[in-house]
Amino acid sequence: MNAPARDMRGSAAGPVLSARDLHTWFELRQWGFLRVGSVRAVDGVNFDLQAGESVAFVGESGCGKSSLARTLLGLHQPTRGEVVFEGRPLGMLNSAERKAYLARVGFVQQDPYGALPPFMDVRRILHEPLIVHGVRNRAEREQRAQEALEEVRLSPAADFLSKFPHMLSGGQQQRVVIARALILRPKLIIADEPVSMLDASVRVEILQLLRSIQREHGLTLAFITHDLSTVRHFAERIFVMYAGRIVEQAEVNELLNHPQHPYTQALLAAISDPDPDNARHQREVPPGEPPSLLKPPDGCRFHPRCNRMIAGTCDRQDPPDFEPRTGHMTACWLYR
Amino acid sequence: MRPLLEGLRRIGRYPSALVGLAIILALVGTAVFTVVTIPYGQALELWRGGETWRMHPVNARPAWVDRIAGNNLPQTIIVSSDDAPITEEPFVGGKRLRIPLEFDFDYGGFPSELNLFLTSSHAEREPFVRLTWETPDGRQLNLGGRRPAREERVSISQDWELERRLGRVPHVGLFAAPGDDGPPEVLDGRYRLVLDAITFEEDARIGADLVVYGRVHGLAGTDHQRRDLMVALLWGIPVALAFGLIAAVGTTVTTLVIAAAGVWYGGWVDAVIQRLTEVNIILPMLPILVMVGTLYSTSIWVMLGVVIALGIFSAGIKMYRAMLLPIRESPYIEAARAYGAGNARIILRYMIPRILPVLIPTFVTLIPTFVFLEASLALLGLGDPVLPTWGKVMNDAQTQSALYHGFYYWVLSPAALLMLTGLGFAMLGFALDRIFNPRLRTM
Ligand SMILES: Nc1ncnc2c1ncn2[C@@H]1O[C@H](COP(=O)(O)OP(=O)(O)OP(=O)(O)O)[C@@H](O)[C@H]1O
Ligand SMILES: [Mg+2]
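Criteria and thresholds
Residues numbered from 1 in each chain as written. Chains lettered and ligands numbered in written order. Predicted model: local features only at pLDDT ≥ 70, side-chain atom pairs only at ≥ 80, totals over all residues. Heavy atoms only, no water. Contact = heavy atoms within 4.5 Å. Buried area = accessible area lost by both parts, 1.4 Å probe. Salt bridge = Lys/Arg side-chain N within 4 Å of Asp/Glu carboxyl O. Helix = DSSP H or I, 4+ residues; strand = E, 2+ residues; numbered from the N terminus. Nonpolar A, V, L, I, M, F, W, Y, C, P; charged D, E, K, R; others polar. 1 Å grid on protein atoms, 1.4 Å probe; cavity = no way out; pocket = protein on both sides within 12 Å on 5 of 7 lines; lining within 4 Å. Points joined across faces, edges and corners; volume = space filled by probe spheres on them. Domains from an automatic or database assignment. Near = heavy atom within 4 Å. Polar contact = N/O pair within 3.5 Å; in protein donor to acceptor, adjacent residues only side chain to side chain. Areas by Shrake-Rupley, 256 points an atom, 1.4 Å probe, with all protein chains shown as cover. Buried < 20%, exposed > 50% of the residue type's maximum accessible area, 1.4 Å probe, protein only. Pairing = 2+ DSSP bridges.

Moving on: the interface of chain B and chain A. Facing 21 residues of chain B, the contacting portion of chain A comprises 27 residues. Summing the contributions of chain B and of chain A, the shared interface buries around 2100 Å²; its carbon and sulfur component is 60%. Among the residues of chain B in contact with chain A, Glu334, Ala338 and Tyr339 of chain B are the three that bury the most area, contributing 29% of the side total. Of the charged contacts, one joins Arg345 of chain B and Glu128 of chain A as a salt bridge, the two residues approaching to 2.8 Å between their closest N and O atoms. Residue assignment for the side of chain B that touches chain A shows that the elements contributing at least two residues are helix 1 (2-9), helix 12 (331-338), helix 13 (343-382) and helix 15 (408-442) of chain B. Sorting elements by how many residues they give to the side of chain B that touches chain A places helix 12 of chain B first, with six residues. Looking at the side of chain B that touches chain A, its residues break down into 11 nonpolar, two polar and eight charged.

This is how it looks when you write it as structure tokens:
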């Protein structure tokens, strides 16, 4: 079904985007200058995204998914580690190259209405990135704006170009956001919960749209989601994040059918999946609160909530990545 | 920008906005007309006063006020020797001239003054002129003789000798019906001032202008220096509008950009802007302007500069900052950063336009406050030294105790124009507020 994408992923070109030991900490200050600690929103993340693949980042609220996305986009400066795009670390780019990088990465946000300037019409919204990237010719911009609208199935494009965001439905707004992300012809699209604020009826439509555009152009798609139940259809790989880290990663079916990390197992159990394969796994929601990112627990961050905690190990030592099944990585001492 | 235009198009639905707009357009039209018909240099020249105005009455009220009151007070009458039937009798070494200056006078009041302006083109020896006043009922009064210089003003009103003879000030006495008791009554009819002149040079010429000063003048009346107030009332319009508009644009634009830059960059930039604003807010504007005016210059440009400079770090910064702070965090700004928009673009194209609709009403209502400020400065005697403005008229009126003397027009007409300006902008501004602000809530 997704053979062409797999082919591309396997190509020798190397990863499109990689995170190497990525840390994004937000300093907390008191009275404007006293440091009282850091929020470790992203705390040691490593991954490679291959050309043409679609990956999903899942995890509970506040685990640092959006912070990771912003760091990948260069909106936050990483505290440590680096983001590598096509072999070049972002930190090494000069400002022109950094700008060129931004043209290669599209960004789709969660709240489509907020993501569109309310005082601009769709035409202006789509022209803006082109103007920023030096497309002087108005006719060319108009041409590309129309193409982008056709791409996101807003047609006839002419009808939408002169509309303002408040005249569009949520789904249409999100399509405009996607068109804007596509207009600079990126290689990679980062979508931060692209459908969570939309009406349930249009969610699948938008995800399918993203997926088909991604396949058509051989783009890499990294999307963040809460919703494990739809992930299967729209991603090839899943990264499970917990407290600023990736705790498990594998192919979609592999991960959903054989979750290894107790946190993933708990997550899957929490969604009442009618799939009988999942039904036999443990049912309990992870007990307790998500950990403080200001003072993460020692050892494995999940150990205070884990029902299979190994005393003396999990609460002392940070687990490295293990590979309990082929191509299936997890950071859990159970698989030592 | 399209919602802006959409909003402006909706002005049509608010009658008050249309009235306000009409007032503003009328003011602007008059301002343009004024600047075209009375060029800047000429206006300054006129307002400097002096001889230009010698044939205008002092403190005459507007003619239309008198018309409404039904008093039929006299207008100014100028009788020139150019139109008079002059009889000449040459003789060896000179000539004898008889210049009758005739006019009809039938008003419900006495003139305010009586002057004769003589011009003589003699080379060395002055001519001799004898003046005789003839009333409609045939009385003749000898007003004495003169040896006029090349230009001579014969102030008949201030002839103490004559005043003693008439028992009244000349411009009343000469026009009064005979009779000693009771208040004087105007004798209607044809008056004549006859000049019998002898020149002692054959080609010497004598010209004469008899000015019977009225008590009403034109649309606006005159002031204590005989200047037609119309000059100042008309020229006050472009000055007031320009001052208000430049000051409002200058302060709003700079304040907005600075507030947006502070919000966007945050950190020490924001801190410095905030502290400057806090200090500036507690500095009283008027005393500073008075100080600058007293110690440095009262030029309107200097004042404008100081007003703008003091207006930059005004309370507006706090207001704009409060409005811009949530916008700074809005996802569309994050999206713009994600496609590479630079700081200047984000401030000017993404943050400021967002609050522009709310500012338009504020901006419109800000204009008259600067107009009033300029007028207040002039009223305090710190008006531009040369420009004719409304504030200067009111300042003159005040120093001349206009209200005490009953010259209400002197104070009321500039005040009415100020109020009209305020009204126009306020009506438009409030309507714009109603147009743009409900929209903001849904944005
Ligand atoms: N700019 C920032 N300054 C300080 N702390 C921040 C900042 N951005 C995020 N955080 C903190 O970092 C942590 C992770 O936030 P993030 O938005 O990345 O979570 P998330 O996984 O996207 O959550 P959600 O699913 O609710 O969107 C949170 O505790 C948040 O308060
Ligand atoms: Mg998020």
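To continue, consider empty space enclosed by the protein. For the structure shown, the criterion picks out seven cavities of 30 Å³ or more. Put simply, the largest cavity is a space of about 100 Å³. In terms of lining residues, the largest cavity is bounded by Leu102, Ala103, Val105, Gly106, Phe107, Gln109, Arg180, Ala181 and Leu184 of chain A together with Ala335, Ala338 and Tyr339 of chain B. Going through the elements one at a time, helix 3 (95-104), strand 6 (105-108) and helix 8 (170-182) of chain A together with helix 12 of chain B are the ones with two or more residues in the lining of the largest cavity. Element by element, the count of residues in the lining of the largest cavity is highest for strand 6 of chain A, at three residues. Broken down by class, the residue content of the lining of the largest cavity amounts to nine nonpolar, two polar and one charged.

Once the domains are mapped, chain B shows domain 1 (2-47 + 227-442) and domain 2 (63-213). Using only C-alpha atoms to locate each centre, domain 1 of chain B and domain 2 of chain B end up separated by 53 Å.

This brings us to the site of ligand 1. All names here are of chain A. In the vicinity of ligand 1, 13 residues are found, and the nearest of them are Ser61, Gly62, Lys65, Ser66 and Ser67. At a separation of 3.3 Å, an oxygen atom of ligand 1 approaches a polar backbone atom of Cys63. A distance of 3.1 Å separates an oxygen atom of ligand 1 from a polar backbone atom of Gly64. Out of a free accessible area of 630 Å², ligand 1 has 64% covered by protein chains. Elements with a minimum of two residues in the shell around ligand 1: strand 2 (34-49) and helix 2 (65-72). Counting residues per element, the shell around ligand 1 draws most heavily on helix 2, which supplies three residues. The residue inventory of the shell around ligand 1, partitioned by class, reads five nonpolar, six polar and two charged.

Take the layout of surface pockets next. Gaps between atoms show up when a probe of the same size as a water molecule is rolled over them. Residues and elements named next belong to chain B. As a volume, the largest pocket reaches approximately 470 Å³. Secondary structure elements with two or more residues in the lining of the largest pocket: helix 7 (229-265), helix 8 (267-282), helix 11 (315-328) and helix 12. A total of four residues in the lining of the largest pocket trace back to one element, the largest contributor, which is helix 12. Residue classes in the lining of the largest pocket are distributed as seven nonpolar, five polar and seven charged.

Attention shifts here to the pairing of strand 6 of chain A. Residues and elements named next belong to chain A. Side chains of strand 6 alternate between two faces, with Val105 and Phe107 and Gly106 and Val108 buried alike. Across four bridges, strand 6 lies against strand 7 (residues 188-192) in parallel orientation. Residue pairing across strands places Gly106 opposite Ile189, the latter belonging to strand 7.

Residue and element names in this part refer to chain B. Locating Thr255 in the fold gives a position in helix 7. Relative accessible area serves as the criterion here: at 2%, Thr255 is assigned to the buried category. Reaching out from Thr255, the side chain makes a polar contact with the backbone oxygen of Gly311 at a distance of 3.4 Å. Residue contacts for Thr255: discarding those within four places in its chain leaves Gly311, Ile312, Ser314, Gly316, Ile317 and Tyr320.

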